[in-house]
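Spelled out, the chains give:
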Amino acid sequence: MNYRLIFLILFIFIGFYSCNFNVNHNVRRVYENIHDVIYTKRYSSPFLKPHFKNGDVAILNSWRLNSNRDSVYGEGSLYNYNRLMIKKGILWFNIDDISIIETNDLSYIKSTNKVNIAILSILAIGNAAVWASCVNTPKLCFGSCPTFYVDGKNYLHSSTAEGFSSSFAPALEKKDIDDLQYTSSSEDFSITMKNEALETHMINELSLYAIKKPKELEVYKDSKDKFYTCSKPYSYNKILFPNDANNTKIDDMRKIDDDEYFSLTDPNDLSAKESIIIEFDNINHDQLGLVMNFRQSLVSTFLFYSCLSYMGKDYGKFFSYMENSPEAKLILQKFYNKMGGIKLYLFNDNKWEFFEEIFEAGPIAKNLIISKLPEYAKSKKIKIKMEMSKGFWRLDYLGLSKIYNEVSPEIIYPNSIDIIRGSQFTLKDIAKDDKSYLVSFPKDEFNFNFKLPKINDYQEHKLFLYSKGYYLEWMRPNWAKEKDIDKLNGMLRGERGVWRDLAREFKSIESEVEESFWNSKQRVK
């Protein structure tokens, strides 16, 4: 879950609320009453609620997709931007005019001939059994985007990648390249994709990035998706925790495993910072890089779901507005949040000099990344400082590698799909960046099979996963009760009281967050 986007959410959503001038509120109240009714009856009464790019919205009680699958028609009511009813009866809409859809009819969209509807649909499922695993900690319910597994592994933290973690809406669709932390000398390779959350996943494109390398070398990618052949990493000689003199987790980051370093959050300020200083001795080379293996903590999940819950029943309204707002992407590109990433500094000329900030979204799969040090980093003693929000990151490994040269990957698409559970999608649905999608629902599972190029005996392939798409969260029943625009405003403005309350709320559940999150995963058999 990408906390970097939460402020974007708030900015757009509150702006939407502030733009409704000269509205007949009595007329609008009729729409709001109907809006409330469909959610109180969501357990038994199917509805389809398309939001349109021009700001209109319709509520349909019955509907069908036409034979060309490019239009929806049915019986219901159409409301304009100010929610004045403008038509009632049989309605007909082009799918291209729809920005987002709210519905509680999962059975209707869960088939390949309804993909054009499914890729726009936010599910509002009221069945209590569906949400049973999230009742006690709804802000820590398992959310994952697509999770990927190699070699049949399925234990805790065994996911080797989670695709496009920050793309929680069609407007935010983007690519993601993950280091699978896997090498292969075989020509055959398979990877399993699962939907283990209460979300709908839309996969537009999927492929492997394979790089041939000598077995004695490593290949890493940086935050700009450039790839480098490197030496095996060197361990640090010393590690210091200036903000925590009593910390004993000193050796936990000298090897890649599940023994992670993490700190606890500040009880009054989630953005309070901490620093880690690492020192390396006698590693001389023209270009060095800091190798990091890490993931986000569940603070990001908590904040993301807090934000969505404050939207309440207007969750769909917000997403529609974001889809229609060209300013949203501009804000996303420029916006910076108070939590921040992992800032890296090099000690040079008796001062700390900033050289990069690393931000990778997702609390599930670890991100293995190299950060190139400035070229002047050639002294016998290398000192690096990492600055980050306390409790916001979990660090598994830190090392220093010699960078030899930049290399280009060979892009390999799957040659077959094994559908373990899910609809009958084909290779063409994920073969290129287009309007075709493989749509995955909770507990769906697909195996993608690849044929790797032949290599010499002294070589192996380092593998990375490329995925492009987005996902849509299913609307939690408790969100309908938690709408609070004042708190949204407070989060946007950075009001100390609101953020203090969030910090205290998280602190009250911090000891149980990992267990609650992982136990709410949708088990794929």
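Above this text is the structure in question.
Residues numbered from 1 in each chain as written. Predicted model: local features only at pLDDT ≥ 70, side-chain atom pairs only at ≥ 80, totals over all residues. Heavy atoms only, no water.

(A) Broad picture of helix α9 (residues 496-509). End to end, α9 covers 20 Å across 14 residues, agreeing with the expected 20 Å (1.5 Å per residue, within 8%). Three or more residues of α9 are buried, namely Val498, Trp499, Leu502, Ala503, Phe506 and Ile509. Down the axis of α9, the sector holding all buried residues measures 140 degrees, keeping them to one side. For α9, exposure combined with an orientation more than 90 degrees from the buried face picks out Arg496 and Ser508. (Helix = DSSP H or I, 4+ residues; strand = E, 2+ residues; numbered from the N terminus. Expected span 1.5 Å × (residues − 1). Buried < 20%, exposed > 50% of the residue type's maximum accessible area, 1.4 Å probe, protein only. Arc of directions from axis to C-beta.)

(B) Up close: the nonpolar core. Core analysis: the largest hydrophobic core is formed by 125 residues, its most contacted members being Phe319, Ile342, Leu373, Ile384 and Phe448. Counting residues per element, this core draws most heavily on helix α5 (residues 299-311), which supplies nine residues. Residues in contact with Ile384, not counting those within four places in the same chain, are Ile276, Ile277, Ile278, Phe280, Leu290, Tyr345, Leu346, Trp352, Phe355, Leu373 and Leu400. (Core = buried A, V, L, I, M, F, W, Y, C linked by side-chain atoms within 4.5 Å. Contact = heavy atoms within 4.5 Å.)

(C) Fine view of the pattern of salt bridges. Following the criterion strictly, the structure yields 21 salt bridges and no others. Where Lys451 meets Asp188, a salt bridge forms, and the shortest distance between an N and an O atom there is 2.6 Å. You can see Lys451 sitting in strand β25 (residues 445-451) and its partner Asp188 sitting in strand β10 (residues 188-194), a full 263 residues away along the chain. Residue Lys381 is joined to Asp281 by a salt bridge in which the shortest nitrogen-to-oxygen separation is 3.0 Å. On the criterion of sequence distance, the pair formed by Lys381 in strand β20 (residues 381-389) and Asp281 in strand β15 (residues 273-281) is long-range, its members being 100 residues apart. (Salt bridge = Lys/Arg side-chain N within 4 Å of Asp/Glu carboxyl O.)

(D) Focus on the sheet that holds β15. Strand order in the open sheet formed by five strands is β14-β15-β20-β17-β18, with antiparallel pairing between adjacent strands. Edge positions in the sheet fall to β14 (238-240) and β18 (351-358), since each has one partner strand and no second. Shown here is a sheet whose adjacent strand axes are inclined to one another by a mean of 20 degrees, direction ignored. Relative to β18, strand β17 (residues 342-348) is paired through seven bridges, and the arrangement is antiparallel. Its bridge partner being in β18, Leu344 is matched across the sheet by Glu356. (Pairing = 2+ DSSP bridges. Axes fitted to C-alpha atoms, helices over the stretch in contact; angles between N-to-C directions.)

(E) Layout of helix α8 (residues 485-493). Listing the buried residues of α8 in full gives Ile485, Leu488, Asn489, Gly490 and Met491. With a side-chain oxygen lying 3.2 Å from the backbone nitrogen of Asp486, the N-terminal cap of α8 falls on Asp484. The first or second residue beyond α8 is Gly494, which carries a positive phi of 70 degrees. (Polar contact = N/O pair within 3.5 Å; in protein donor to acceptor, adjacent residues only side chain to side chain.)

(F) How the structure looks around the sheet that holds strand β21 (residues 393-407). Reading across from one edge, β12-β13-β21-β16-β19 is the order of the five strands in this open sheet, with antiparallel pairing throughout. Looking at strand neighbours, the two that pair on one side only are β12 (218-221) and β19 (367-372), the edges of this open sheet. Looking at each pair of strands side by side, their axes are set apart by 45 degrees on average, direction ignored. With nine bridges joining them, strand β16 (residues 288-296) and β21 adopt antiparallel strand pairing. Bridge pairing links Val291 to Gly399 in β21.

(G) Expanded view of the environment of Asn61. One can find Asn61 in strand β2 (residues 57-65). Of the residues examined, Asn61 reaches a relative accessible area of 56% and is grouped as exposed.

(H) Representation of the packing of α5 against α9 within the structure. Close contact between α5 and α9 brings their axes to 11 Å; oriented N to C, the two are set at 125 degrees. It follows from the interaxial angle that α5 and α9 lie oblique. For the element pair α5 and α9, the recorded crossing hand is right-handed. In this structure, α5 contributes Val299, Phe302, Leu303, Ser306 and Tyr310 to the contact, and α9 contributes Trp499, Leu502, Glu505, Phe506 and Ile509. Taken together, the residues of the contact of α5 with α9 break down into eight nonpolar, one polar and one charged. (Parallel < 35°, antiparallel > 145°, perpendicular 65-115°, else oblique. Left-handed = near helix turned anticlockwise from the far one by under 90°. Nonpolar A, V, L, I, M, F, W, Y, C, P; charged D, E, K, R; others polar.)

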